[in-house]
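Residue strings, one per chain:
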Amino acid sequence: HNHTDEPKCCSVLVLKWADRTDSIAFNCSCHYPPRASRMRSPRSFLAAVSGHLAGRQAPAAPGHHSLPVRTLQTLAQREPVRLKKLSAPDTGILELTLERPEVKNAISWELMTRLRGAIHKIEADATAKVVLVASSGPGVFCAGADLKERRHMSSSHVKEYANSLRSTFSYFEALSIPTIAVIEGAALGGGLELALSCDLRICGENATLGLPETGLAIIPGAGGTQRLPRITGRSRAKELIFTGRRCDATEAVLMGLANYCVPAGEAYGKALELAREMTKKGPLGVRMAKKAIDQGMEVADMRSALAVEGECYEQLLHTQDRLEGLAAFADKREPVYTGE
């Protein structure tokens, strides 16, 4: 508190984040008491802040007004996307977590921008082997676009948003390493389109999946009309998109939309189990397998697809990992792959 002769004081709250520092000034109408009593200790100040962040009214220091609750809650908001590297024994596995549970992870401009930044970091990480995409909130994966934000957009801004989201999901799909969507609860609209851009989808039995855009007089605009038919088949995709019907996890598995349906709350565990199996394999082999499948599925005929496979295979012939795999097989031991 910096007091002057005026019966006012100014408090400055400084919050240091990983990527920035926020300094916020607050004016209060306290009657400044003797200096000894108006100096708040760090412990009491943190207690006050903690109380506000927990949604409770913490006791203020004598003669002082407590800091504004709404301001502190705003400052305490988490980043909408969090990227975390798991430690040993799960080295090589990354968690990409959606962090807007209060709005069911609705995809805002900021979330989309942060997601793109996280994808860029994954792409640049030579140690990354598998990515798990999950939600920090229980009961929801992602409910789709932030429609409250969209209401205030012009048509040109909506077009820009859709184009940006479409390219972001394509960017994610193009990652050279496997990606696994961990779906608990709703995966709707853009949320399902994010999951469709992943290589695998693991659902809790409470999962609900759907593309309801036609109910809003639009169409899925972030890849849904293209990726869904490539996964479930054209006729099934048309039914789901034309009607906007939602399906549960069991049906999703039956139509090939999901790889597994597990008890509610266990999707992450199953996804982590699969990721651990993948990290044991030769990382270059896994990358080339993904490339061969993805690119081979996009060419016109089988001859061209087999040519893609041949090119990917040839890239592995002179690697140290291939020799290590043969040596480990001969020695009857587990291979130690280095990605070289």
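Calculation criteria
- Residues numbered from 1 in each chain as written.
- Predicted model: local features only at pLDDT ≥ 70, side-chain atom pairs only at ≥ 80, totals over all residues.
- Heavy atoms only, no water.
- Pairing = 2+ DSSP bridges.
- Helix = DSSP H or I, 4+ residues; strand = E, 2+ residues; numbered from the N terminus.
- Salt bridge = Lys/Arg side-chain N within 4 Å of Asp/Glu carboxyl O.
- Buried < 20%, exposed > 50% of the residue type's maximum accessible area, 1.4 Å probe, protein only.
- Right-handed = clockwise from strand over helix to strand, strands pointing away.
- Core = buried A, V, L, I, M, F, W, Y, C linked by side-chain atoms within 4.5 Å.
- pLDDT = per-residue confidence, 0-100.
- Contact = heavy atoms within 4.5 Å.
- Patch = residues over 30% accessible without salt bridge, like charges linked within 9 Å, V, L, I, M, F, W, Y side chains within 5 Å.
- Areas by Shrake-Rupley, 256 points an atom, 1.4 Å probe, with all protein chains shown as cover.
- Lys, Arg positive; Asp, Glu negative; His and termini not counted.
- Polar contact = N/O pair within 3.5 Å; in protein donor to acceptor, adjacent residues only side chain to side chain.
- Axes fitted to C-alpha atoms, helices over the stretch in contact; angles between N-to-C directions.
- Parallel < 35°, antiparallel > 145°, perpendicular 65-115°, else oblique.
- Left-handed = near helix turned anticlockwise from the far one by under 90°.
- Nonpolar A, V, L, I, M, F, W, Y, C, P; charged D, E, K, R; others polar.
- Expected span 1.5 Å × (residues − 1).

(A) The sheet that holds strand β7 (residues 140-142), seen in detail. Taken in spatial order, the four strands line up as β7-β9-β11-β12 in an open sheet, and their pairing is mixed. The sheet is open, and its two borders are formed by β7 and β12 (247-248), each paired with just one other strand.

(B) Up close: the pattern of salt bridges. Per the counting criterion, the structure on display carries 17 salt bridges. When the shortest N-O distance is used, the salt bridge between R245 and E251 registers 2.9 Å. Given the relative accessible area of 29%, R245 is considered partly exposed. Two residues, R333 and E324, come together in a salt bridge whose shortest N-O distance is 2.7 Å. The partly exposed category is assigned to R333, whose relative accessible area is 35%. Through salt bridges that share partners, R236, E239, R245 and E251 make up one connected network.

(C) Inspection of the pairing of strand β6 (residues 130-135) at higher detail. Of all six residues that make up β6, six are buried, and the element is covered over most of its length. Of the two faces of β6, the one holding V130, L132 and A134 and the one holding V131, V133 and S135 are both buried throughout. Relative to β6, strand β5 (residues 93-98) runs parallel, the two being bridged by six bridges. Within β6, the residue paired with T97 across the bridge is A134. The parallel pair β5 and β6, bridged by helix α4 (residues 109-124), forms a crossover whose chirality is right-handed.

(D) Here's a closer look at the nonpolar core. In this structure, F141, I183 and L209 are the most contacted members of the largest nonpolar core, which totals 47 residues. Considering every element that reaches this core, the biggest residue donor is α4, with six residues. Counting 16 residues, the second-largest nonpolar core is a separate cluster that includes A134, L200, L274 and M278.

(E) Spotlight on the confidence of the model for the protein. With 77% of its residues at a pLDDT of at least 70, the protein reaches an overall mean of 83. This model gives residues 1-12 a pLDDT under 50, and the stretch forms 33 contacts once residues within four places in sequence are excluded. When the criterion is pLDDT under 50, residues 23-76 qualifies, and its contacts beyond four places in sequence or with other chains add up to 78 contacts.

(F) Highlighting a nonpolar patch on the surface. Together, L147, L216 and I218 give the surface a local cluster of nonpolar side chains, amounting to about 260 Å² of exposed area. By secondary structure assignment, the location of L216 is in the loop between β11 (208-210) and α8 (224-232).

(G) Looking closely at the side chain of R201. Relative to the assigned elements, R201 resides in strand β10 (residues 200-204). In this structure, R201 is buried with no salt-bridge partner, the nearest side chain bearing the opposite charge being D199 at 7.3 Å. Reaching out from R201, the side chain makes a polar contact with the backbone oxygen of L257 at a distance of 2.6 Å. Other than its neighbours up to four places away in sequence, R201 contacts A181, I183, A195, L196, I231, L257, A258, N259 and Y260.

(H) Representation of the packing of α4 against helix α6 (residues 155-173). As a packed pair, α4 and α6 sit with axes 10 Å apart at the nearest point and diverge in direction by 25°. Taken together, the axes of α4 and α6 are roughly parallel relative to one another. Relative to α6, α4 is oriented so that their crossing is left-handed. Together, W109, M112, L115, R116, I119, H120 and E123 of α4 and H157, E160, Y161, S164, L165, S167, T168, F169, Y171 and F172 of α6 make up the contact between the two elements. A class-by-class count of the residues in the contact of α4 with α6 yields nine nonpolar, five polar and three charged.

(I) Local environment of helix α14 (residues 320-331). In a regular helix each residue adds 1.5 Å, so 12 residues correspond to 16 Å; α14 covers 16 Å between its end C-alpha atoms and thus fits that length. In this structure, the buried side of α14 is in contact with α12 (283-296). Positive backbone phi, at 55°, marks K332, one or two positions downstream of α14.

(J) Just the sheet that holds β5, in detail. Spatial ordering of the open sheet is given by β4-β5-β6-β8-β10-β13, a layout of six strands whose pairing is mixed. Whereas interior strands pair on both sides, the edge strands pair on one side only; in this sheet they are β4 (81-85) and β13 (260-262). On average, adjacent strands in this sheet sit at an angle of 20° to one another, irrespective of strand direction. By the bridge criterion, three bridges tie β6 to strand β8 (residues 179-183) in an arrangement that is parallel. Paired with L132 across the bridge in β8 is I180.

(K) Here's a closer look at the environment of L98. One can find L98 in strand β5. L98 gets classed as buried once you look at its relative accessible area, which sits at 1%. For the pair L98 and L83, spaced 15 residues apart in the sequence, the C-alpha separation amounts to 9.1 Å. Those residues in contact with L98 that lie beyond four places of it in its chain are P80, V81, N105, L111, A134, S135, S136, F141, C142 and L194.

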